[in-house]
Amino acid sequence: MAPEHRTAVGLVTVTETRNFTSAPPCSASHTLQEMGYDFKDGKLVSISNGLDATDHRACTGSPSESLLKSVSDYVETYLEEQMNFRKILLPLNAKPSQPTSYIYVSDNASTSKKLLLLIPASGQGGPGVWAPSVVVDKGLDAGSQIPYIKRALSEGYGVVCLHPNGGNVMTDGKRTSVKYHEDSKQHLRYVWDHVIMKTKASRIAVGANGDGGGAVVDLMSTRPKQVRRKLFAVALSDAADNCFTSAGNAANKRFLNIVCQGWVCCAEPINTQITCTDGSLKICSAGKLVCRKKQQNNA
């Protein structure tokens, strides 16, 4: 029988905590330093010469997979050590031999009346990270979710950082799917059913990038009563173009139109209203930012 972890998060009742697993803390900053990098004022710099990672890479080439992984690990460690987040293994009742994914939750996630869910796009984005390549090139403020998390916490929100890209893991040298987390839609459904619905939150906001928006629309279609009762705001980054057409019935589309606003890469000034082809979603310019295609190619 697993030990109780009531103090870890409190997202489950006392009787359920015996099957609840809180993962051991992540420790990754030394790995990043061993690779010759560290963060200074939110920017990734070379330890040897103090250059920003982007300038340093002019000589060393594109970021390696190990560097991108170390950047993501750094952010996860930051969430744990600086912001008191907890890493929760999923599925909640997984056996020791069963592959697992995970999410990160703030220490007030179970008790706050308001929750913010953050969902990255497909690729290498993970809990606390929109795109590790953007973190490397532009820093934590641009590529991580940390600024959003800080503001949400300051306004009394609990925060849940989802990991839709954690559904396939290496087990004994083979890539294995994690049950209930094979894709972003299944991942969000599971987190909603087994984590979000066990909290006290009555008002839920979502920030989603790329196809994370599609997972939100899927949730609206599969759990319409719950979602319409609790969801009050959805912000979509580079995702709104397909969400409305995939929303299904007219009721879903009306609801999406009320609660949702999207931002897309555009030459127009930031927050300039853009005419949508279907005329049904509020879409604004995100300015000349890194687009989803570039993020996926570099992440």
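Once a new chain begins, its residue numbering starts again from 1 and follows that chain's sequence as written. Given that the model is predicted, a residue must reach a pLDDT of at least 70 before its local features are reported, and side-chain atom pairs must reach 80 or more before they are shown or counted; all residues, however, enter totals for whole chains, interfaces and linings. By convention in this description, side-chain values take in all heavy atoms of the structure and omit both hydrogens and water.

(A) Up close: the nonpolar core. Ranked by internal contacts, the top residues of the largest apolar core, which has 37 residues, are Val160 and Ile196. Looking at which element gives the most residues to this core, the answer is helix H8 (residues 212–222), with five residues. Apart from residues no more than four positions distant in its own chain, Val160 is found in contact with Ile103, Tyr104, Val105, Leu115, Leu116, Leu117, Leu118, Val191 and Ile196. In these notes, a set of buried Ala, Val, Leu, Ile, Met, Phe, Trp, Tyr and Cys residues joined through side-chain atoms within 4.5 Å is what counts as a nonpolar core. Exposed residues in this analysis have more than 50% of their type's maximum accessible area, buried residues have under 20%, and partly exposed residues fall in between, with area computed by a 1.4 Å probe over protein chains only. For the purposes of this entry, the term helix denotes a DSSP run of H or I that reaches at least four residues, the term strand denotes a run of E that reaches at least two, and both are numbered from the N terminus. In what follows, residue pairs with any heavy atoms lying within 4.5 Å of each other are defined as contacts.

(B) View of helix H3 (residues 65–83). The first and last C-alpha atoms of H3 sit 26 Å apart over 19 residues, in line with the 27 Å expected at 1.5 Å per residue. Looking one or two residues past H3, Asn84 carries a phi angle of roughly 60°, positive in sign. Helix span, expected: 1.5 Å multiplied by one less than the number of residues in the helix.

(C) Region of interest: the packing of aromatic side chains. Two rings from Phe, Tyr or Trp (for Trp, the six-membered ring) form a pair when their centres sit within 6.5 Å of each other. Planes less than 30 degrees apart are called stacked, planes more than 60 degrees apart edge-to-face, and all others tilted. Taken as a whole and assessed by the stated rule, the structure comprises four aromatic pairs. Taken together, a centroid distance of 5.7 Å and an interplanar angle of 85° make the contact between Trp130 and Tyr148 edge-to-face. Remark: Tyr148 occurs in helix H6 (residues 146–154) and Trp130 occurs in the loop between strand S5 (114–119) and helix H4 (132–138); sequence separation between them is 18 residues. Taking relative accessible area as the criterion, Trp130 reaches 13% and is therefore assigned buried. Exposure remark for Tyr148: the relative accessible area of 45% places this residue in the partly exposed category. Summarising the aromatic geometry, the rings of Tyr180 and Tyr190 are spaced 5.4 Å apart at their centres and angled 15° between planes, so their arrangement reads as stacked. Here Tyr190 lies in helix H7 (residues 184–194) and Tyr180 lies in the loop between strand S8 (174–177) and H7, a separation of ten residues in the sequence. A ring has a charge above it when a Lys NZ or an Arg CZ is no more than 6 Å from the ring centre and no more than 35 degrees off the ring normal. The ring of Tyr102 has Lys87 lying over it, and the distance from NZ or CZ to the ring centre is 4.2 Å. Cation over ring: Arg203 sits above Phe232, and NZ or CZ is 3.9 Å from the ring centre.

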